Amino acid sequence: IHVGTSAFYSFDSNVANSYYTTIDNVSDNGDGTLSLGLAVAPTIPIISSAEDEEFAASVALMTRNFKIVSSDEEEKKGAYLQVLHTPDVAQIIEGIEFDGLGRRGEEDRYPLQLLYSGSVEGTKIDKNSVRRSNMRCIAIQGTGNATISNNVAASNYGHCIYVGFNSQDNLVQGNFVSDTLRTSWQERVQYEYDDQPAAFRNRYGPN
């Protein structure tokens, strides 16, 4: 799991405000809540929702039963999944773990991308996880009427969920993004600002 903590985090900070660990056990508190026993105890402040709902830590399950894991033969250069030119074809991409994908500094080489597909009503990118991406997370370009929901992403370089030009009427909701990392100036996508990354970047609209 990935624990996003309540510690203050600024753009120029080198101090992580989250960490990875595994669940050792789960116990029922008898009041509709559960307690997680973690393999690695936090060394940074954790605020519960009972203490402060606005600043409570978030916990995201990063593992999935179906995994796409990139090889590490080339540094910063991983595999990528691209759905290209599929107008009027509904795509369902659900429950997949993308680990180590994307190619740093290369355009249209992201872990998951819908590219130049026009209207794809009925398309759902849902309940996936993206972690340790070399370049972005989920990107949409030249595509509309897709739903991107309930995905989790952590420790990825560049803009995470990116909606580019000629992409409108997409629904982006309920996604969790943590620890978005900046690329170097030399490794950014040309005319973009992945060296000043956003968890969600919308360049076109309305979405």
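Calculation criteria
- Residues numbered from 1 in each chain as written.
- Predicted model: local features only at pLDDT ≥ 70, side-chain atom pairs only at ≥ 80, totals over all residues.
- Heavy atoms only, no water.
- Core = buried A, V, L, I, M, F, W, Y, C linked by side-chain atoms within 4.5 Å.
- Buried < 20%, exposed > 50% of the residue type's maximum accessible area, 1.4 Å probe, protein only.
- Contact = heavy atoms within 4.5 Å.
- 1 Å grid on protein atoms, 1.4 Å probe; cavity = no way out; pocket = protein on both sides within 12 Å on 5 of 7 lines; lining within 4 Å.
- Points joined across faces, edges and corners; volume = space filled by probe spheres on them.
- Helix = DSSP H or I, 4+ residues; strand = E, 2+ residues; numbered from the N terminus.
- Nonpolar A, V, L, I, M, F, W, Y, C, P; charged D, E, K, R; others polar.

Can you help me understand the nonpolar core in this one?
When a protein is soluble and globular, its nonpolar side chains tend to lie buried together. Core analysis: the biggest nonpolar cluster contains 19 residues, and Ile93, Phe98, Leu112, Ile125, Cys137, Ile138 and Ile148 have the highest contact counts within it. Filtering out sequence-adjacent residues up to four positions away, Ile138 remains in contact with Leu112, Ile125, Ile148, Asn151, Cys160, Ile161 and Tyr162. One finds Met135, Ala139, Tyr162 and Val189 within the second-largest nonpolar core, a separate group that totals five residues.

Would you mind showing me how to read empty space enclosed by the protein here?
Here the idea is plain: a probe the size of a water molecule rolls over the atoms and shows the empty space left. Tallied over the full model, the rule gives one cavity of 30 Å³ or more. Of the voids in this model, the largest cavity is the one considered here, and its volume is about 40 Å³. Lining the largest cavity we find Val130, Cys137, Ile138, Asn151, Val152, Ala153, Cys160, Ile161, Asn175, Phe176 and Val177. Every element with two or more residues in the lining of the largest cavity is listed here: β13 (152–157) and β16 (176–181). Looking at the lining of the largest cavity residue by residue, the classes come out as nine nonpolar, two polar and no charged.

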